[in-house]
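Listed here are the chains, written in short residue letters.
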Amino acid sequence: MHQLLQQIFSGLAAGAVYASLALALVMIYRATDLVNFAQGEMAMFSTYIAWTLVNAGLPFWAAFVLTLVVSFLGGMTIERVIIRPVENAPVLAAVVVTIGLLLIFNALAGWIFTYTLQEFPSPFPDRTMFGALMTTRDLGVIGVTLAMLLLLFVFFRFTATGLAMRAAAQNPESARLCGIPVGRMLAIGWGLAAAIGATAGIMVAPVLFLDPNMMGGVLLYAFTGALLGGITSPVGAVVGGLIVGVTENLVGTYLIASQLKLTVALALIILVLVFRPNGLFGTAIVRRV
Amino acid sequence: MAPILELRAVKAFYGQSEVLHGISVAVEDGGMSVLLGANGAGKTTTLRAISGMVRSEGEIHFAGQRLERRSTEAIAGLGVAHVPEGRGTMTGLTVEENLRLGAYTRAGRPDAAMARMYDYFPILGQRRRQQAGALSGGEQQMLAIARALMMSPRLLILDEPSFGLAPRIVEDIFSIVERIRREQHVAVLLVEQNATLALDLADQAYLLETGYVVMSGPAKTLADDPQIRRSYLGY
Amino acid sequence: MSKSFAGVLPQDAAAARYGGLGIAAWRWIGALALIGLAAALPFTVSNYHAFELTLVMIYAIAVLGLNILTGYNGQISLGHGGFFAAGAYTAAILMHRYGVPYWATLAPAGLVCFALGVLFGLPALRFEGPYLALVTLAMAVATPQLLKYFDSWTGGQQGINLVKVQPPPGLGIDRDRWLYLVVLVVLLVAMRVAANMLNGRTGRAFVAVRDHPIAAAAMGIDIARYKTLAFGTSTLFTGIAGALSAIVISFVAPESFSLFLSLSFLVGSAVGGIATISGAIVGGLFIEFVPNLANDISDAAPWAIYGLAMLLLMYAMPRGVAGSVGLWLQRFRSRRVALREGDKDHKGRMS
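Description of the structure in this document.

What counts and what doesn't
- Residues numbered from 1 in each chain as written.
- Chains lettered and ligands numbered in written order.
- Predicted model: local features only at pLDDT ≥ 70, side-chain atom pairs only at ≥ 80, totals over all residues.
- Helix = DSSP H or I, 4+ residues; strand = E, 2+ residues; numbered from the N terminus.
- Rg over C-alpha atoms; globule rule 2.2 N^0.38 Å.
- Buried ≥ 20, exposed ≤ 12 C-beta atoms within 10 Å, placed from the backbone.
- Contact = placed C-beta atoms within 7 Å.
- Pairing = 2+ DSSP bridges.
- Axes fitted to C-alpha atoms, helices over the stretch in contact; angles between N-to-C directions.
- Nonpolar A, V, L, I, M, F, W, Y, C, P; charged D, E, K, R; others polar.
- Expected span 1.5 Å × (residues − 1).
- Parallel < 35°, antiparallel > 145°, perpendicular 65-115°, else oblique.
- Left-handed = near helix turned anticlockwise from the far one by under 90°.

What follows covers the overall build of chain B. Regarding its fold elements, chain B presents 10 helices and 10 strands. For 235 residues, the compact-globule formula gives about 18 Å, and the C-alpha radius of gyration of chain B, at 17 Å, lands near that figure. Referenced to the eigenvectors of the C-alpha coordinate spread, the extents of chain B come out at roughly 45 × 40 × 35 Å. The buried share of chain B, reckoned over its 235 residues, is 46%. Considering only intrachain contacts with a sequence separation of at least 6, the fraction spanning at least 24 residues in chain B is 68%.

Here we come to the sheet that holds strand β7 (residues 155-159) of chain B. Residue and element names in this part refer to chain B. Across the sheet, six strands lie side by side as β6-β7-β8-β3-β9-β10; this open sheet has mixed pairing. On the outer flanks of this sheet lie β6 (80-83) and β10 (212-218), each paired with one strand and no other. Across the sheet, the mean angle from the axis of one strand to that of its neighbour is 15°, orientation sign disregarded. Where β7 and strand β8 (residues 187-191) come together, five bridges link them in parallel fashion. Bridge pairing links Leu 158 to Leu 190 in β8. In this fold helix α6 (residues 137-149) packs onto β6 and β7, with an angle of close to 170° to the strand it touches most, β6.

Moving on: the interface of chain A and chain B. A common measure of how large an interface is: the accessible area buried when the components associate. Contacts between the two partners involve 15 residues from chain A and, on the opposite side, 18 residues from chain B. Elements with a minimum of two residues in the side of chain A that touches chain B: α6 (160-170) and α7 (172-177) of chain A. It is α6 of chain A that contributes the most residues to the side of chain A that touches chain B, six residues altogether. Its residues assigned to classes, the side of chain A that touches chain B comprises nine nonpolar, four polar and two charged.

With 37 residues of chain A at the interface, the matching set in chain C holds 36 residues. Breaking the side of chain A that touches chain C down by element, the ones donating at least two residues are α4 (91-113), α9 (215-229) and α11 (260-275) of chain A. With 14 residues, the top contributor of residues to the side of chain A that touches chain C is α4 of chain A. Looking at the side of chain A that touches chain C residue by residue, the classes come out as 30 nonpolar, six polar and one charged.

Next up on the list: the sheet that holds strand β1 (residues 5-14) of chain B. Residue and element names in this part refer to chain B. Sheet architecture is open: four strands sit in the order β2-β1-β4-β5, paired in antiparallel fashion. The sheet is open, and its two borders are formed by β2 (17-27) and β5 (65-66), each paired with just one other strand. Relative to β2, β1 runs antiparallel, the two being bridged by eight bridges. The partner of Phe 13 across the bridge, within β2, is Glu 18. Where helix α1 (residues 43-50) meets the sheet, it contacts β1, β2 and β4 (55-62), and its direction lies at approximately 75° from that of β2.

Residue and element names in this part refer to chain C. Along its 26 residues, helix α3 (residues 47-72) runs 36 Å from first to last C-alpha, staying within 8% of the 38 Å computed at 1.5 Å per residue. The element α3 is largely enclosed, with a buried count of 20 among its 26 residues. One or two steps after α3, the chain reaches Gly 74, where phi turns positive at roughly 70°.

All names here are of chain C. Running from amino to carboxyl end, helix α4 (residues 80-98) crosses helix α11 (residues 223-249) at an angle of 50°, the nearest separation of the two axes being 7 Å. In terms of orientation, α4 and α11 fall into the oblique class. With respect to the hand of their crossing, α4 and α11 are arranged in right-handed fashion. Contacts from His 80, Phe 83, Phe 84, Ala 85, Ala 86, Gly 87, Ala 88, Thr 90, Ala 91 and Ala 92 in α4 reach Thr 235, Thr 238, Gly 239, Ile 240, Ala 241, Gly 242, Ala 243, Ser 245, Ala 246 and Ile 247 in α11. Grouping the constituent residues of the contact of α4 with α11 by class yields 12 nonpolar, eight polar and no charged.

Written out as structure tokens, the structure reads:
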């Protein structure tokens, strides 16, 4: 029982990371009907930026905030420069562009920072709490993720820009008629998603060790979590990410270790999707006749 | 007095096809002009051309500015509030959020303007926290108009506001629009299939047919014209 | 019929004569010329280049399979590498364990993959868009792991080393060129079969299911049947391509069938033109040659160049090469008709 609770809790911490990246994926999907396959690599690159800042002597939280700002601006730029040309093209073209972006970021990171595994500092001391039930590190990760979610909620629910972004995602033409610069809203959306991804990367790097291929598995789990929750639902993304994290951990501990863990975890989740093909909180993709 | 909106020899295109062949339309400052015509005549296309939603040629003058080649959101920011066909309400947002959206281009807090909207449309005040998608057709139309008015526009463009609504509701809506026009000094460009009602309210009228203006003049003159009476007024 | 419409209506086009022959005859001559060139090509280049071109054709067959499913039928697959692997390993196991001659492995590999496709296509009926993408993605990720796990059959991590195929004696050509010609024949047959299917009733049903499923169902098209058929046919093609790859490379190992292979197929499809047949060849060329070119340009970060190439191609030709060419041809033809239409005044009368 004790071990089960332990595994659930550390699963939640991993799940918090998947939930963050899943949320980034959902944000972009809601705005542009596109799955950004490069989200993980963008997050990895942001994490390397944070690592460089920390190595240059910046205190951790200063590096963290600066990285978020840089990632936000980077995300906006990517939307404007790289995604804008294929926004009105067939969806497959945009998908291929994100795959290309994935490759570019991965290769650039390998070239600039090499493929050697690097240690990444954690701001949380490595201690256990509540009778070895959980670690401060896990609690810290969950805490940071919750804080980020809260900020996002406040932003979207209570600010004019947040409202404009929601409108632009729902009905771009109508939003334009209200004077909302839909293109700029999209760019902000990508910027926010990039910043969220950076948070996920920084939280997970101390555990996985930093290398250009760090986020590949994370992206896969995040994508799964986003779909499990329903690709159009931000709440679903968070819940889905958490469920995936716990499932992965439990499968790895009790069912099957190492390589096949990924396959089994995915299979279980796909089984859920068979019964709920639009995810737990998703709405059906409506077809107009 | 110069008209607040004037189109001169405007052509519009869907892809390679030309659908408006050089039309000229005007709206007086604070006045109301109506575009009449059968389905496919080009009425909605004209409105879309004004809002920069279709490719167009020719001159579009608004309050001393030129609208051609401006983006839709820039045109909205200049004071053109366009309520499109099908209302365009954000069904996933609440009534109140829809109204707030209208105030996006205006500085300052929208509370005073929102209170005024609840005064014009009491039913919206009652339903302010509900999802816009849960409102009836007539209520959504009121919401769409209210949202447009939150922009403090100088020109209100209404595309078939009576569509799909019961006659009683249509009367209500139009009497409110009349009241707003007088109190707020807003010009109105109206597209309507309900010609009787439209010609009753408007100052100027234009009859469109397959992308051409085939008749224009004061609304009273067109209402008395025997051809219009036969084709569009039913008597 | 007005004189100014001459040469624009289909009957007129069919009746047109160029140098004494109709359009259909010229098409045949053109096709035969191309085939002749293709058959002669391997003898004009080195062994290694012939080998590379053989791989291009194998990838083209695989991409053609994906085009059928994702292009014509609208079901996205990020997992076709898995079916490619299934075909490859079926052929490899038949040759290695049971001594089946190479040419006899194609049919079983195709059948196995068809069955797998139908099996996969049935639950896939429940999934749309990104959900289907995930399910196929999961398969792509699982494939190398499953291949390593069932090592008694697959040889595990080490894979299976196959005895190199020999060309028939007495023909006087070497192995690489013989295999090129074999694959060429399979490619031509595949393209012919695909064309017949896609230009006929089945193809129209596929497209109807893709674009207007509700209307299609209302007209009596069995959506489930056609979607599953599309899946099975698609994996049949890709599976045969996989079998050919085992025969040509003489080696199969889990590392060759990673997620990257599946993504390459998708990218090749997009670059060539997802809903075309000839685009598959462009796709094959892209998959085989661009990574090497990228390496030549920059050996520090070749995949960055590869990714950049993908971006630039999508900006320039979002419908792929064959797709864009098709679009330009369409526009050119409709402009010819529009010019005729322009002779009329605004009341629709001819001036």
